[in-house]
Every structure is written in C-alpha cells, then in structure tokens.
Amino acid sequence: MKTQVNRFFNFYIGSYKNLSTPAWMLALVMLINRTGAMVLPFLAIYMRDDLHFSLQNAGVVLSCFGLGSLLGNIAGGWLTDRLGSFKVQCLSLFLVAPLYILVGRLHTVTSLSIGIFLISFIADLFRPANSAAITSYAKPENITRAFSLNRMAINLGFSFGPFFGGLLASVSYDFLFWGNALGSFLAGIIFFLYFNRRKKRNAAVANDPAINNNQRRSAYRDGPYIFFAFVCMLYFIPFCQILNAIPLFFDEKAALTTGQIGTIMGYSGFIIVLTEMMIVSFAQKRFSIYNSILVGTLFIIPGYLLYLITTELWWLYISISLISLSEMLVMPFTATVGALRAGRHNKGSYMALNSLGFSMAFIITPFLSTKIIAAYGYNGLWVVDVVFILAAFAGFAAVRKWMPLQEPVGANNKAALEEAF
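Residues numbered from 1 in each chain as written. Predicted model: local features only at pLDDT ≥ 70, side-chain atom pairs only at ≥ 80, totals over all residues. Heavy atoms only, no water.

**With respect to helix α9 (residues 173-195)**
- The first and last C-alpha atoms of α9 sit 34 Å apart over 23 residues, in line with the 33 Å expected at 1.5 Å per residue.
- Between the side-chain oxygen at the start of α9 and the backbone nitrogen of D174 there is a gap of 3.2 Å, and the oxygen is on S172.
- Looking one or two residues past α9, R197 carries a phi angle of roughly 70 degrees, positive in sign. (Helix = DSSP H or I, 4+ residues; strand = E, 2+ residues; numbered from the N terminus. Expected span 1.5 Å × (residues − 1). Polar contact = N/O pair within 3.5 Å; in protein donor to acceptor, adjacent residues only side chain to side chain.)

Listed below in structure tokens is the structure:
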C-alpha cells in the first residue's frame with residue numbers, strides 16, 4: 001500500500017516536471033491578473049445596489065461585456081500575428097489598468113456600457129496572445145500540460161479574486177476597480193521584466209506538413225479548423241451552464257442556501273486546481289489528443305442526467321465532479337489542437353478562433369437557457385444540453401478523421417505510464 005502511495009505521489013509530482021520556466025512565469029502572470037479580476041463577479045450587484053439600475057439595464061451592460069470579449073479575442077489574434085504575443089500582452093495589461101479606474105467613475109447606463117465593452121475588449125486581447133506565447137515557450141511534447149498549468153492559474157485566480165473582491169466591496173465598490181487596476185498593472189510589470197528580449201523556445205510548433213506549406217494563412221480560411229471551432233462551441237454551450245443555469249437550479253429546485261451554492265461552486269475550482277495537471281498527464285500518456293477530447297466529452301452527460309432524478313446534495317457534488325472532469329479532459333486538449341494546427345506566423349488567429357467558441361457560448365447560453373427553462377423547465381434544459389453534447393461528440397469524431405494531427409514525440413507514451421504505476 002505504501003509503495004502504491006509513493007508511486008502515485010511520484011506520478012503527481014512528475015506531472016509538473018519538465019515544464020519550462022517561461023511556462024511557469026506565464027502562469028504566474030495569469031494568476032496575478034485573474035486574482036485581480038474582482039469587478040465582474042460583483043458587477044451586477046454593483047449596478048443594482050450602488051447605481052440603482054433596473055434588471056433590464058444591467059443586462060444591457062453585461063451583454064456589452066460579452067460582445068467586447070468576442071471582438072477582443074478576434075482582434076487579439078489578428079494583432080498577435082502582426083505584432084507578436086509580447087507586445088499584445090503588454091498592451092492589454094497596461095492599457096486595461098487605467099480603464100478600470102475610469103470605469104469606476106461612470107454612472108450612467110450608456111457610459112458604463114461603453115466602458116465595460118472597452119474593458120472586456122482590451123482585457124481579452126490578452127487571451128490569444130497568451131495562448132500563442134505558451135506554444136512558443138513550451139516544449140512541443142509539453143504544450144498540453146503548459147495549457148493545463150495556465151488553466152490552473154486561471155482557476156486559482158478566480159478563486160482568490162472574488163474572495164478579495166468581497167472584502168473590498170464591503171468597504172467600497174470603488175476599491176474593486178482600483179484592485180482590478182492594480183492586479184493588471186502588477187501582472188504587466190512582472191510580464192515585461194521577465195519576457196522583455198527573451199527568445200522563444202520554438203521557431204514553430206510541430207504540426208501537419210500540409211499546413212506548413214502556407215504558414216501565413218489565417219485560421220479563418222482553414223475549413224477543417226473552422227468546423228472544429230464550431231464543434232467546440234457545441235460543447236461550450238452546455239458547459240457554460242455551470243456559470244448560468246446550474247446555480248439557479250441549485251437555488252430554485254435544490255433549495256440550497258447561497259453559502260452552499262458558493263461552496264459547491266468553489267469545490268469545482270478546487271478539484272480542478274488539485275487534480276487537472278495529473279489527469280492531463282495521465283491522459284497524454286494513455287490516449288491521443290482526440291481520444292482524450294472524446295472521452296472527456298462523454299463525462300458531462302451523466303453530470304446533467306443526474307439533475308433529472310435527484311437534488312440530493314451529495315449527488316450534486318458528484319455531478320459537479322463529472323462536469324469538472326469533462327472540462328479537464330477537453331479544454332487543454334482543444335487548445336493543443338490549435339497550437340499544433342498553427343504555423344509560425346498565424347498562431348494568433350488559431351488561438352483566437354479556439355477561444356471564440358467559448359466567447360460565443362458565453363453570449364448564447366444565458367439567452368438560450370432562460371428561454372428553454374421558461375418553456376420546458378429545467379428538465380427540458382438538461383435534455384437539450386445532452387443533445388448538444390452528443391452533437392459535439394459526433395463532431396469531434398468527424399474532426400479526428402478530417403483533420404488528423406501530427407502529435408509531438410513523447411506526448412503519448414504508454415510505457416512511461418505503466419512504469420509510473
């Protein structure tokens with residue numbers, strides 16, 4: 001038993017090995033930046049309690065956030081291909097900091113809508129540039145784990161950010177905007193000092209030779225990859241229920257208190273931070289990239305089907321565990337598909353298109369889910385979500401045949417896994 005525990009522990013620690021120092025620094029910058037993301041979780045409350053906006057006007061402002069995120073991803077990819085990931089990340093981090101302070105002074109629906117749109121747009125220039133930087137600094141065989149490390153930093157940041165934001169908001173909402181500005185500025189300083197003039201590890205990511213023949217082609221002209229991004233969106237739409245309908249379901253149907261809802265949602269982030277790197281490392285050594293995505297896609301189905309038959313608290317935790325496991329197996333590997341498909345000069349557009357599906361889902365899901373709940377109730381919503389997942393599974397299976405990948409050497413080493421256990 002002790003030997004098995006030691007092997008498990010060694011495998012867990014080993015999942016973090018061989019990641020480059022720049023990959024860790026990119027994750028640190030992301031952690032600081034996301035920890036400083038204090039405004040968004042409290043924006044609706046701020047508009048209701050402090051600015052006395054109606055629910056409809058608050059919805060307008062939040063829609064502007066989603067639109068800014070969508071366009072920011074597109075622009076960030078375009079700029080990254082032309083200016084490079086370093087300049088775009090610096091531009092985003094340093095420009096968004098004063099914008100937060102400015103937006104804290106805007107008190108009308110129109111002005112705040114414009115301000116929130118600009119913040120979202122500038123902040124999300126960072127995402128495709130950061131993803132492109134990961135592909136440049138990580139070893140090819142470690143790209144998926146580097147993306148996973150970055151996601152771990154995001155989850156940690158989103159755990160710390162609302163906590164600190166709640167403390168600041170209890171004193172004054174003005175402190176939220178200053179806290180966000182400070183987080184972005186500090187992340188920008190650390191990023192600039194470390195990555196200024198640092199050479200990239202990879203001249204190009206290992207990818208399909210057919211794509212290398214035209215490395216400057218935009219992802220938006222790559223038919224198979226556009227279809228892949230669309231399939232990702234089919235997965236993201238039901239997944240985004242974790243930010244929309246699921247908390248409402250816990251409140252209305254499971255009769256959980258706000259404290260219980262906060263705990264169960266925090267549990268989701270906790271298990272991702274604790275286990276994702278190990279799970280990704282395990283999947284890398286056991287499955288191909290596409291097979292990991294396909295397996296992960298299936299785990300979300302029983303997570304939603306459980307809501308059809310029970311609202312018992314422990315079953316809700318099991319459901320969230322399954323949804324989180326699905327996320328850990330799907331999202332890092334979908335990012336890796338974009339990294340391997342891209343060439344040296346078009347990483348920005350590929351990583352932007354990869355993020356675009358999530359941005360679209362963030363806009364579509366709240367509207368679609370509320371319509372379905374009003375017409376068919378929560379049970380109808382869960383059935384529709386399962387249909388979306390099955391469509392995504394079929395789509396990913398089709399992509400595996402239509403868009404084969406040349407996987408990095410060492411990324412799928414079954415012998416290494418067997419040796420570890």
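**Here's the deal with the packing of helix α5 (residues 85-103) against helix α6 (residues 109-123)**
- The interhelical angle for the contact between α5 and α6, taken along N-to-C directions, is 160 degrees, at an axis separation of 9 Å. In terms of their interaxial angle, α5 and α6 are classed as roughly antiparallel. Read as a crossing pair, α5 and α6 show a hand that is left-handed. Each of S92, L95, V96, L99, Y100 and V103 in α5 lies in contact with α6, whose residues at this interface are L112, G115, I116, L118, I119, I122 and A123. (Axes fitted to C-alpha atoms, helices over the stretch in contact; angles between N-to-C directions. Parallel < 35°, antiparallel > 145°, perpendicular 65-115°, else oblique. Left-handed = near helix turned anticlockwise from the far one by under 90°. Contact = heavy atoms within 4.5 Å.)

**Considering helix α15 (residues 313-341)**
- Taking 1.5 Å of rise per residue, the 29 residues of α15 would be expected to cover 42 Å, and the 42 Å separating its terminal C-alpha atoms lies within 8% of that figure.
- Of all 29 residues in α15, 24 are buried, a share of seventy percent or more. (Buried < 20%, exposed > 50% of the residue type's maximum accessible area, 1.4 Å probe, protein only.)

**Points about the packing of helix α12 (residues 245-252) against helix α16 (residues 347-402)**
- Here α12 crosses α16 at 70 degrees, and the two axes come no closer than 12 Å. With respect to their mutual orientation, α12 and α16 come out roughly perpendicular. Considering only the axes of α12 and α16, their crossing is right-handed. Residues A245, I246, L248, F249 and E252 of α12 touch α16, and the partners they reach there are S369, I373, Y378, L381 and W382.
- Class assignment of the residues belonging to the contact of α12 with α16 gives a composition of eight nonpolar, one polar and one charged. (Nonpolar A, V, L, I, M, F, W, Y, C, P; charged D, E, K, R; others polar.)

**Focus on the environment of E276**
- Its place among the elements puts E276 in helix α13 (residues 258-286).
- What makes E276 buried here is its relative accessible area of 1%.
- C-alpha separation for the pair E276 and P332, spaced 56 residues apart in sequence, amounts to 9.5 Å.
- The contact partners of E276, leaving out residues within four places of it in the chain, are S148, R151, I271, M328 and P332.

**Considering the pattern of salt bridges**
- Taken as a whole and judged by the stated rule, the model has three salt bridges.
- The salt bridge involving D124 is made with R127; its shortest N-O contact spans 3.6 Å.
- Close ionic contact of R341 with D222 constitutes a salt bridge, the shortest N to O distance being 2.9 Å. A residue pair is termed long-range when its members are at least 10 positions apart, and R341 in helix α15 and D222 in the loop between α10 (209-212) and α11 (223-239) qualify at 119 residues. (Salt bridge = Lys/Arg side-chain N within 4 Å of Asp/Glu carboxyl O.)

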